[in-house]
2 protein chains.
Amino acid sequence: MGCGYLLPARPREREIMKLELTGLHEALTAPVSESMNFLNEIAHRFPDAISLAAGRPFEGFFDPADVPRYFEIYRRHLTDRLDGDEAAVRRTLLQYGRTKGIIHELIAEHLRVDEGITADPDALVVTVGCQEALWLTLRALRRDERDVLLAVTPSYVGVHGAAMMVDMPVLPVREAADGIDPDDLVAVVRRARAAGRNPRACYVIPDFANPSGVRLDRAKRERLLDIAAAEDLLLLEDNPYGLFGDPAGPPTLKALDRHGQVVYLGSFAKTGLPGARVGYVLADQQVTGAPAGQPLLADQLAKLKSMLTVNTSPIAQAVIGGKLLAHGHSLRAANARETETYRGNLAQVLAGLERRFADLPSVRWNVPEGGFFLLLTVPFPAGDDLLAHCAAVHRVLWTPIHHFYADATQRNVLRLSFSHLLPAEIEDGLDRLAEFIRAQSAGN
Amino acid sequence: MGCGYLLPARPREREIMKLELTGLHEALTAPVSESMNFLNEIAHRFPDAISLAAGRPFEGFFDPADVPRYFEIYRRHLTDRLDGDEAAVRRTLLQYGRTKGIIHELIAEHLRVDEGITADPDALVVTVGCQEALWLTLRALRRDERDVLLAVTPSYVGVHGAAMMVDMPVLPVREAADGIDPDDLVAVVRRARAAGRNPRACYVIPDFANPSGVRLDRAKRERLLDIAAAEDLLLLEDNPYGLFGDPAGPPTLKALDRHGQVVYLGSFAKTGLPGARVGYVLADQQVTGAPAGQPLLADQLAKLKSMLTVNTSPIAQAVIGGKLLAHGHSLRAANARETETYRGNLAQVLAGLERRFADLPSVRWNVPEGGFFLLLTVPFPAGDDLLAHCAAVHRVLWTPIHHFYADATQRNVLRLSFSHLLPAEIEDGLDRLAEFIRAQSAGN
């Protein structure tokens, strides 16, 4: 679609309209956008490959009958709450609905029970997955071209994607073996300000990060909060995997947040049901200068949501609400089997790597305490071409780390995921991976 | 949240973090954003007022039991399609899913049956309501600050909202009594180009527009398509109400589209179930320069969607899919009772206005052939303050027309909606409206 002037009008002889990719938004040609496409495409091309790449929850316990069951549990709860007013029940479940959502009180109770977080239900916005929560937050914070986001890097691909969709640059903050480097965070903030930029927030997954699997200790969490307060910076805390961890582990940033520095991004994709596409944001920051009735950042995010997806499907919310009600608001309780599965898979992968690579000192990996992922260092650059070769020849998939840097620079690191696999698949997958790495290391 | 430099770090004594509204994205202080907020707030403040403002579908036929019923119908269909592979059924319904959606083939068949549109299923992206479809399309088309959207004005509030969220100006195109003014469309395009701007598309609701209720005749549709082809412009056709109209009416723009000028935005909020929040976009334009496997505009929209909401809830899609299957893919057939209701309501409102205002020549209204809305002209400016007064004193709500201009200029026109009301509510509402208008016209 050109931007040129009018041509002689002969519409009946024109061909089908063509648009040029380079005339569309630049997110569409960015590495991050091609990342997601490439990774999907390669999984599609090699369906018999074992995927150590997909970050999906284990689906062995999925049951389609849960959908009507949870929906019915929530419907009954709603009927009680609305004193048997069936018209109001129908309206709540099936009509256009409250922009901030209908299961906010259940989510607040879940946060209290499972995370020790005190959440004002009015500070919650129920979203179409955590990705919309992240996007809304970035859209609100990105006012002009000076505004930038910081993110621990390597970082979840969706952060780079969401930021790009609001034309907001992402400044990388270094990750050390024990997680985000606080000194680098301060340095990046100050360098950005010196360059006339306005760092609005730092994105972080404190519990079992994607891709590194690292969990921050409590001291580092408090250091992060102190830096955020001192630097007048928000922390965007994303927590999709924390609930599968040891409950005696450190509290979330939000549970430690005394000054309202933390916007908490919640997901039910791993703990609820991915197919519901329900997430939320807890944004209890006060907004000065806002009209009456919208005192919180959550209220501003809701205004943006009303122009993006209007509201999150109350049917999908009801399914998640029913699951919360069925388990006393505790997703930790609801996920006892899943938690055992993920811990077992992690232990199996760690033991399997040790068994296969103990004699190869150039192959190293980190040892997360939980989560879905770990990082494997290999003695050769592992990029997309090599992944394609590995998929075709060795029938195993992994994720080149450059996808989490949103660039195309090949590095010697790959992400392994193991959340969705059965034990036999893990053994086969690691066998194939070892075959690939040994062949590659031998310069084959 | 200031953008100033570091203050001495004394985080333990700081107050709760405050953000300033003026430091957030400008959509949050724009009239369009306050519009939606104000209209919701006033309905909330006067719950006993009769609403001639809400554009909601009639909910008298809603039944929560439809949710498990439709879900089950779709599940069985899927089991057949997947040759009884229950693991694949579970995965399709409950796991992360195909970005472009899972009910695309059913939607394509619905478009064939109900609209005479030939749709390639691969050119469909199933979205979180029509609003996400619109947003994705604008995000793709808005590359830099030269890109502008045209929209017939007054226009649906959500268009202004979506455009603002991608920082894309909206240039108004005049609407005449019979709909969009084609000469003005050409003039606006050429003026924009002369000013160095790049008009990418024109938004239009050809069937029973919101807010005017106008339906374009066939000649005007063909004129619009010719202009779009000659000016190298896309038409964004939004069609939430067309199915309730006379089936002998003019075809959609997309059905007449010979050159791929039309991006068709589909909604199931009125014809399916609003609570599913499922819509779609049919974007069959070829994109040159795109990588292999993504030849269509729909593929590019899917890439953006993967960074915004990842995919539309397959559970919600299954509910709509089941409704399509239950009615032979025809939503016209599924909505026989609703169609009768809406036509009856329109006839009742038109007769009721005639009865109440025939003696007041300064009160006029247009006579749509269908849809949810009409425009009423009154002999005084009708803005938000007057609406608040009317709600408090006369207990009836309507929509000041300035909300559809995305400005705050008071005009003598208001939008009446009647889709969700029972006959007695319509009579009461019109009585209250007449009382208000007569009091106001008398300078009271």
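Counting of residues starts from 1 at the beginning of each chain's written sequence and follows it residue by residue. For this description, chains carry letters from A and ligands carry numbers from 1, given in the order in which they are written. With the structure being a predicted model, the display of local features is reserved for residues of pLDDT at least 70 and the display and counting of side-chain atom pairs for 80 or more, all residues being used for whole-chain, interface and lining totals. With hydrogens and water excluded, all non-hydrogen atoms of the structure serve as input to the side-chain values.

Novice: What's the story with the nonpolar core in this structure? I'm lost.
Specialist: Nonpolar side chains in soluble globular proteins tend to end up buried together. Think of a nonpolar core as a cluster: buried Ala, Val, Leu, Ile, Met, Phe, Trp, Tyr and Cys residues, connected wherever their side-chain atoms sit within 4.5 Å. A simple rule labels every residue: compare its accessible area, found with a 1.4 Å probe on the protein chains alone, to the largest value its type can have, and call it buried under 20%, exposed over 50%, or partly exposed in between. Trp135(A) and Trp135(B) are the most contacted members of the largest nonpolar core, which totals 161 residues. Residues contacting Trp135(B), with those up to four places away along its chain left out, are Trp135(A), Met165(A), Leu308(A), Ala162(B), Met165(B), Val166(B) and Leu308(B). Every residue pair with non-hydrogen atoms within 4.5 Å of one another is taken to be in contact.

Novice: Explain the packing of aromatic side chains here, please?
Specialist: Here a ring pair, both rings aromatic, is described through the centre-centre distance and the interplanar angle of the planes. Aromatic contacts are taken between Phe, Tyr and Trp rings whose centres are within 6.5 Å, Trp giving its six-membered ring; a plane angle under 30 degrees counts as stacked, one over 60 as edge-to-face, and the others as tilted. In this structure the tally under the stated criterion is 25 aromatic pairs over all chains. Here the aromatic rings of Phe244(A) and Tyr342(A) are separated by 4.8 Å at their centres, their planes lie at 75°, and the arrangement is edge-to-face. One end of the pair, Phe244(A), is in the loop between strand S8 (234–238) and helix H9 (253–256); the other, Tyr342(A), is in helix H13 (residues 336–357), with 98 residues separating them in the sequence. Pair check on accessibility: Phe244(A) and Tyr342(A) agree, each one buried. Between Phe58(B) and Phe61(B), the aromatic rings sit 5.3 Å apart at their centres with planes inclined by 70°, giving edge-to-face as the arrangement. We classify Phe58(B) as buried; its relative accessible area is 10%. Within the aromatic cluster, the residues linked to one another by ring pairs are Tyr241(A), Phe244(A), Tyr342(A), Phe372(A) and Phe373(A). We call a charge positioned over a ring when the NZ of a Lys or the CZ of an Arg lies within 6 Å of the ring centre and within 35 degrees of the ring normal. Over the face of the ring belonging to Tyr405(A) we find Arg411(A), whose NZ or CZ atom lies 3.6 Å from the ring centre. The ring of Phe61(B) carries the charged tip of Arg337(B) above its face, separated from the ring centre by 4.1 Å. A run of H or I in DSSP counts as a helix once it spans at least four residues, and a run of E counts as a strand once it spans at least two, with each numbered from the N terminus.

Novice: Would you explain the relation of the copies chain B and chain A in this entry?
Specialist: There are two copies of the chain, and a rotation about an axis plus a shift along that axis relates them. For the pair chain B and chain A, the best superposition has an RMSD of 0.0 Å and corresponds to a rotation of 180° with a translation of 0.0 Å parallel to the axis. Given the turn and translation reported, the copies of this chain are related as if by a two-fold rotation axis. Across chain B, the smallest distance between a C-alpha and the rotation axis is recorded for Pro68(B), namely 2.6 Å. Superposing copies: least-squares fit, C-alpha atoms only, residues required to have pLDDT of at least 70 in both.

Novice: Hey, could you run me through the UniProt feature "domain: Aminotransferase class I/classII large" (unreviewed entry) in chain A in this one?
Specialist: UniProt positions are given in the numbering used here, feature names are shortened, and annotations may be inferred rather than shown by experiment. Under the present numbering, the feature "domain: Aminotransferase class I/classII large" (unreviewed entry) in UniProt falls on residues 88–433 of chain A. Secondary structure across residues 88–433 of chain A divides into 41% helix and 18% strand, with the first and last C-alpha atoms of the span separated by 56 Å.

Novice: Would you mind going over the pairing of strand S13 (residues 373–377) of chain A with me for this structure?
Specialist: Two faces make up the sheet, and in a regular strand the side chains alternate between them. Residues and elements named next belong to chain A. Counting buried residues in S13 gives four out of five residues, a clear majority hidden from the surface. Whether two strands pair depends on DSSP finding at least two bridges between them. As paired strands, strand S12 (residues 364–365) and S13 are joined by two bridges and run antiparallel to one another. Paired with Arg364 across the two strands is Thr377, which belongs to S13. Alignment of S13 against strand S16 (residues 413–417), held across five bridges, turns out to be antiparallel. Considered in S16, the bridge of Leu374 is made with Leu416.

Novice: For this particular structure, what's the right way to read the domain arrangement of chain A?
Specialist: One widely used convention gives an interface's size as the accessible area the parts lose upon coming together. Residues and elements named next belong to chain A. How far each domain reaches was decided by an automatic or database domain assignment. For chain A, the domain assignment lists domain 1 (25–54 + 336–441) and domain 2 (66–333). The centre of domain 1, based on its C-alpha atoms, is set 27 Å off from the matching centre of domain 2. Contact with domain 1, which involves 27 residues of that partner, is made by 27 residues of domain 2. Basic side-chain nitrogens of Lys or Arg form a salt bridge, by our definition, when they fall within 4 Å of a carboxyl oxygen of Asp or Glu. Summed over the shared surface of domain 1 and domain 2, the result is zero salt bridges. N or O atoms closer than or at 3.5 Å make up a polar contact, with two conditions inside protein: a donor-capable atom paired with an acceptor-capable one, and, for residues adjacent in sequence, both atoms drawn from side chains. For the pair domain 1 and domain 2, the interface holds eight residue pairs in polar contact (both at pLDDT 80 or more). Those elements giving two or more residues to the side of domain 1 that touches domain 2 turn out to be helix H1 (31–45), H13 and S13. Residue contributions to the side of domain 1 that touches domain 2 peak at five residues, all from H13. Under this grouping Gly is polar, as are all residues other than the nonpolar Ala, Val, Leu, Ile, Met, Phe, Trp, Tyr, Cys and Pro and the charged Asp, Glu, Lys and Arg. When its residues are assigned to classes, the side of domain 1 that touches domain 2 shows 15 nonpolar, seven polar and five charged.

Novice: Help me understand the pattern of salt bridges in this model?
Specialist: Charged atoms that come close allow side chains of opposite charge to pair. Counted under the stated rule, the structure contains 61 salt bridges over all chains. Taking the shortest distance from any N to any O, the salt bridge between Asp178(A) and Lys220(A) comes out at 2.9 Å. Of this pair, Asp178(A) sits in the loop between strand S5 (170–176) and strand S6 (179–180) while Lys220(A) is found in helix H8 (residues 218–231), placing the two residues 42 residues apart along the sequence. Note on Asp178(A): relative accessible area 42%, which makes it partly exposed. One salt bridge connects Asp431(B) with Arg356(B), and the closest N-O pair in it is separated by 2.8 Å. In this pair, Asp431(B) is assigned in helix H15 (residues 423–441) and Arg356(B) in helix H13 (residues 336–357), connecting sequence segments 75 residues apart. Three or more residues joined by partner-sharing salt bridges are found here, namely Arg355(A), Arg356(A), Glu427(A) and Asp431(A).

Novice: For this particular structure, what's the right way to read the sheet that holds strand S10 (residues 279–282) of chain A?
Specialist: Two modes of strand pairing occur in sheets, parallel and antiparallel, and in both the strands are linked by backbone hydrogen bonds. Residues and elements named next belong to chain A. The eight strands lie next to each other as S3-S10-S9-S8-S7-S4-S5-S6, forming an open sheet whose pairing is mixed. Two strands bound the open sheet, and with one partner strand each, they are strand S3 (124–127) and S6. Relative to S10, strand S9 (residues 262–267) runs antiparallel, the two sharing four bridges. Bridging from a neighbouring strand, Gly266 pairs with Tyr280 of S10. To define axes, lines are fitted to C-alpha atoms, for helices over the stretch in contact only, and angles between the resulting N-to-C directions are given on a 0 to 180 degree scale. With respect to the sheet, helix H4 (residues 104–115) is in contact with S3, S9 and S10, its orientation differing from that of S3 by roughly 105°. The strands touched by helix H6 (residues 157–165) within the sheet are strand S4 (147–153), S5 and strand S7 (198–204), with S4 carrying the most contacts at an inclination of about 170°.

Novice: Mind showing me how you'd approach the state of the cysteines here?
Specialist: In a disulfide, the sulfur atoms of two cysteines are covalently bonded to one another. Note that a disulfide, as used here, is simply two cysteine sulfur atoms within 2.5 Å. Across all of its chains, the model carries zero disulfides over all chains by this definition. Counting only cysteine sulfurs, Cys130(A) is the nearest neighbor of Cys202(A), a cysteine outside any disulfide, at a range of 15 Å.

Novice: Explain the pairing of S9(A) here, please?
Specialist: Residues and elements named next belong to chain A. Of all the six residues making up S9, six are buried; the element is thus mostly covered by neighbouring parts of the structure. Covered by surrounding structure in S9 are Val262, Tyr264 and Gly266 together with Val263, Leu265 and Ser267, the residues of both alternating faces. Of the pairings in the sheet, the one linking S8 to S9 comprises four bridges and is parallel in character. Residue pairing across strands places Glu237 opposite Tyr264, the latter belonging to S9.

Novice: Even after reading the chapter, I still don't get the sheet that holds strand S7 (residues 198–204) of chain B, so can you show me in this structure?
Specialist: Residue and element names in this part refer to chain B. If you walk across this open sheet you meet the eight strands as S3-S10-S9-S8-S7-S4-S5-S6, and the pairing is mixed. Bordering the open sheet on either side are strand S3 (124–127) and strand S6 (179–180), each of which pairs with just one other strand. The sheet contact formed by S3 and strand S10 (residues 279–282) spans four bridges and is antiparallel. Directly across from Val125, in S10, lies its bridge partner Val281. In the packing of helix H5 (residues 129–141) onto the sheet, the strands contacted are S3, strand S4 (147–153), S7, strand S8 (234–238), strand S9 (262–267) and S10, and the crossing angle to S9 comes to about 155°.

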